[in-house]
Amino acid sequence: MRWLWALLPVAVFVVIGGFLFQGLSLDPKSIPSVLIDKPAPEFDLPPLPGKDNGLSRADLGGEPALVNVFASWCVACRVEHPILMEMQKSGEVPIYGLNYKDRPNDAISWLDRFGDPYDRIGSDVNGRVGIDFGVYGVPETFVIDRNGVIVDKVIGPITPQILRDKLRPLLAELRK
């Protein structure tokens, strides 16, 4: 019986090592979302000052769209912003903005400075809708199908590679 107690540390080491080995195979940029393949949450956000339209769940659907979570204080949002402007100019997909935990006037100043790629923007000052979407940080972009279902999301800034290899093929598939 004493030899069994001597094997306990080895058994614990093997179990912990197994979990660590499994973790090496995971992509650290991939954070699973329980909302994938589920309808976007219900929400109704007011517009930013000077804008005519806010953003609500009812605006999502009818055609594939992107919901981009951004804030004026977000440095990474500046990285992806030229790509969003390019997408807006091409008209390839409606882009809806969810202004997350930001002062509305700061967001307006930011959009005046860098351009406004959004068809509609909802002001989520307290971050409640962001929580409902499962937002980990900004920027995040949700791909919504024509039925208002979240089919994918991009965590972090949209890069030219993500646009080319992930978003454009997915949007083309959703338009079929």
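Residues numbered from 1 in each chain as written. Predicted model: local features only at pLDDT ≥ 70, side-chain atom pairs only at ≥ 80, totals over all residues. Heavy atoms only, no water.

## Quick look at the sheet that holds strand β1 (residues 38-39)
Filter applied, for reference: DSSP bridges decide pairing: two strands pair if at least two such bridges lie between them. The secondary structure listing takes helices from DSSP runs of H or I that are at least 4 residues long and strands from runs of E that are at least 2 residues long, numbered from the N terminus. It only takes one pair of heavy atoms within 4.5 Å for two residues to be counted as in contact. Every axis in this analysis is a line fitted to C-alpha atoms, fitted for helices over the stretch in contact. Angles between the N-to-C directions lie between 0 and 180 degrees.
Taken in spatial order, the six strands make up an open sheet running β1-β8-β7-β4-β5-β6, and their pairing is mixed. Single-partner strands in this sheet number two, and they are β1 and β6 (120-124). Judged from the two bridges that link them, β1 and strand β8 (residues 149-155) form a sheet pairing that is antiparallel. What sits directly across from Pro39, in β8, is Val149. Most of the contacts of helix α2 (residues 75-90) go to strand β4 (residues 65-70), to which it runs at about 155°, and overall it touches β4, β5 (95-100) and β7 (140-144). Contacting β4, β7 and β8, helix α5 (residues 160-175) crosses the sheet at an angle of about 175° to β8.

## Brief notes about unusual backbone geometry
The omega angle of the peptide bond from Val138 to Pro139 is -5°, so this bond is cis rather than trans. As for its position among the elements, Pro139 is in the loop between α4 (128-133) and β7. The phi angle at Asp37 is positive, at roughly 70°, despite the residue not being glycine.

## A word on the packing of α2 against helix α3 (residues 104-114)
Relative orientation and spacing of two packed helices are given, respectively, by the angle between their axes and the distance between those axes. Put simply, the rule reads: Roughly parallel covers angles under 35 degrees, roughly antiparallel covers those over 145, roughly perpendicular covers 65 to 115, and oblique covers all other angles. The hand of a helix crossing depends on one turn: near helix anticlockwise from the far one by less than a right angle means left-handed, and clockwise means right-handed.
Between α2 and α3, the shortest axis-to-axis distance is 11 Å and the interhelical angle comes to 55°. In terms of orientation, α2 lies oblique with respect to α3. In the crossing of α2 with α3, the sense of the turn from one axis to the other is right-handed. Together, Cys77, Arg78, His81 and Met85 of α2 and Trp110, Leu111, Arg113 and Phe114 of α3 make up the contact between the two elements.

## Some details on the pairing of β5
The following threshold applies: Residue exposure (1.4 Å probe, protein chains only): buried if accessible area is under 20% of the type maximum, exposed if over 50%, otherwise partly exposed. Whether a crossover is right-handed depends on one test, that the path from the first strand over the helix to the second runs clockwise when the strands point away from the viewer.
In terms of residue burial, β5 counts as a mostly covered element, since six of its six residues are buried. Of the two faces of β5, the one carrying Ile95, Gly97 and Asn99 and the one carrying Tyr96, Leu98 and Tyr100 are both buried. When β4 meets β5, the two strands line up parallel, connected through five bridges. Its bridge partner lying in β5, Asn68 is registered against Gly97. Note on the crossover from β4 through α2 to β5: the handedness is right-handed. Bridge count for β5 against β6 is five bridges, and the pairing is parallel. By the bridge assignment, Tyr96 is partnered in β6 with Arg120. Taking the sense of rotation as the criterion, the β-α-β connection linking β5, α3 and β6 turns out right-handed.

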